Amino acid sequence: MFGNSPSKIKRFRPNPPQALAFGFIVMIVVGSVLLSLPISSSVKAGMPFIDALFMATSATCVTGLAFYNIGQDFSAFGQMVLLLLVQIGGLGFMTVATLAALVFRRRISFRERLILQEAMNQTTTEGIVRLIRKVLLYALVIEAVGALILTIRWAFEMPFGQALYFGVFHSISIFNNAGFDLFGMFPDRAGSLIHYVEDPIVNVVTIVLIVLGGIGFIVISDLLSYPRNKKLTLHSKVVLSVSGGLIGLGTLVIFLFEFTNPSTLGPLSPVGKTLGAMFQSVTARSAGLSTLDVGMLRQATQFFIIILMFIGAAPGSSGGGIKVTTFAILIGAMIAMVRGKEDIVMFRYRIAKDRIYKAITFTLLSFFLIVIAAMVLSTTENFPFLGILFEVTSAYGTAGMSMGLTSQLTTFGKLVIIVLMFVGRLGPVTLAFTLTPKVEKELFRYPEGKITIG
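Note that the structure is a prediction, hence the values are computed from the model and not measured. (Residues numbered from 1 in each chain as written. Predicted model: local features only at pLDDT ≥ 70, side-chain atom pairs only at ≥ 80, totals over all residues. Heavy atoms only, no water.)

Sorry if this is basic, but what is going on with the packing of aromatic side chains here?
Centre-to-centre distance and the angle between the planes together describe a pair of aromatic rings. Within the structure shown, the criterion is met by twelve aromatic pairs. Centre to centre, the rings of Phe67 and Tyr68 are 5.1 Å apart; their planes meet at 45°, and the pair counts as tilted. With relative accessibility at 19%, the residue Tyr68 sits in the buried group. Between Trp154 and Phe183, the aromatic rings sit 5.2 Å apart at their centres with planes inclined by 70°, giving edge-to-face as the arrangement. Taken together, the residues span a long stretch of sequence, with Trp154 in helix 8 (residues 128-154) and Phe183 in the loop between helix 9 (160-175) and helix 10 (200-215) at a distance of 29 residues. The pair formed by Trp154 and Phe183 is uniform in burial state, with each residue classed as buried. Cluster of aromatic residues (ring-pair linked, three or more members): Phe54, Phe67, Tyr68 and Phe74. Directly above the aromatic system of Phe259 lies the positively charged group of Lys273, at a separation of 5.1 Å from the ring centroid. The ring of Phe67 is capped by Lys414, whose NZ or CZ atom sits 4.6 Å from the centre of that ring. (Phe/Tyr/Trp six-rings, centres within 6.5 Å; stacked < 30°, edge-to-face > 60°. Buried < 20%, exposed > 50% of the residue type's maximum accessible area, 1.4 Å probe, protein only. Helix = DSSP H or I, 4+ residues; strand = E, 2+ residues; numbered from the N terminus. Lys NZ or Arg CZ within 6 Å of the ring centre and 35° of its normal.)

Written out as structure tokens, the structure is:
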């Protein structure tokens, strides 16, 4: 009776979304163990495991939320663990695993290609390994150039060795949209990049790194091949146009709202005001760094930033949110409905119905998750509701900005934010496919019905 049972037991083979989720979980657990070791922090006994879990999740999901001072409370070993988690989390663990396989000349199986397709938000496995090679090359070159420029800039105000360390750490953190910084080690400076609000070099380099990390490697590859092909894909056109529009609109709105605020843009020069508004507009959609005190922004600005964090960056990037392509489809659907058109058309291409359904599903799931989490935390955390909504959206959108709630979170609040960061990095649709069985094709269709809308 039991002799043949092993052969009857079907071996569990995770589908691509499940493999992706499992890989992130393994990274987070390993990172948590390393960060909880005494060698990782300035506390001899080491940090509590729940705190290590929070920091490891924040780093792996490239969020940047932290209730520890990275520059003071972490040792060099702990900082390197965070940076490694940020790099692997930003590129994707499957990308790094593929690099290892290519180095050892191991063949990439079809199943692994399917997982890579899921990780890179691609619609086909064709050319996926070639894309991974480009991703690694682009990332290393961009991070190296950013580190070099930042090192030269900071060498004027700190020893060269420290400037080099700062340049490398911040270039990787910024490009992967993580938002961790080391400037908390200086007691005479405010947090993040507030000290450099009017510094053109730091601002421009940081903005460029954030944008390149936020538009995704698919678009970067498309841009680099443009001189040869003389054309861009629909995906790249939508990402670039919507991202550019959001940056411009965000800069204008923040500039107008904060122009007279004595705690933010008010005391700055015209150039400083422009740089500060643009930096905040760019960083709000995923990066987490700031040259302005987020807690001192006007409530209208804070709520506007919540909207930007909800939209997020582009698919295939290290950024979170519902993604700019999803936002573009929603706006396109609204315009098509107002104009009485049946199809959503972008750059003379009709958007497929399944893309529209996915965009609506993704947006609604994201909205419900944020609303539920905000309602729950409003009963467990002693903090104004706008700050809680800001924190929840920041965690889900992997933006990493906070109005001050992070440092005051209860243990339950930390667990809620950890779950939000994880779901935000994977995406609720991917998580849904992970937890549900394979969808079977329906054998019949119900008759069409009509309900009144509006």
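I'm lost on the pattern of salt bridges in this one. Help?
Between side chains of opposite charge, a pair can form when the charged atoms approach closely. Across all of its chains, the model carries four salt bridges by this definition. One salt bridge connects Arg153 with Glu157, and the closest N-O pair in it is separated by 3.1 Å. Note on Arg153: relative accessible area 16%, which makes it buried. A salt bridge links Asp199 to Arg153, with the nearest nitrogen and oxygen atoms 2.5 Å apart. A residue pair is termed long-range when its members are at least 10 positions apart, and Asp199 in the loop between helix 9 and helix 10 and Arg153 in helix 8 qualify at 46 residues. Ionic contacts of the salt-bridge type, sharing partners, join the residues Arg153, Glu157 and Asp199 into one network. (Salt bridge = Lys/Arg side-chain N within 4 Å of Asp/Glu carboxyl O.)

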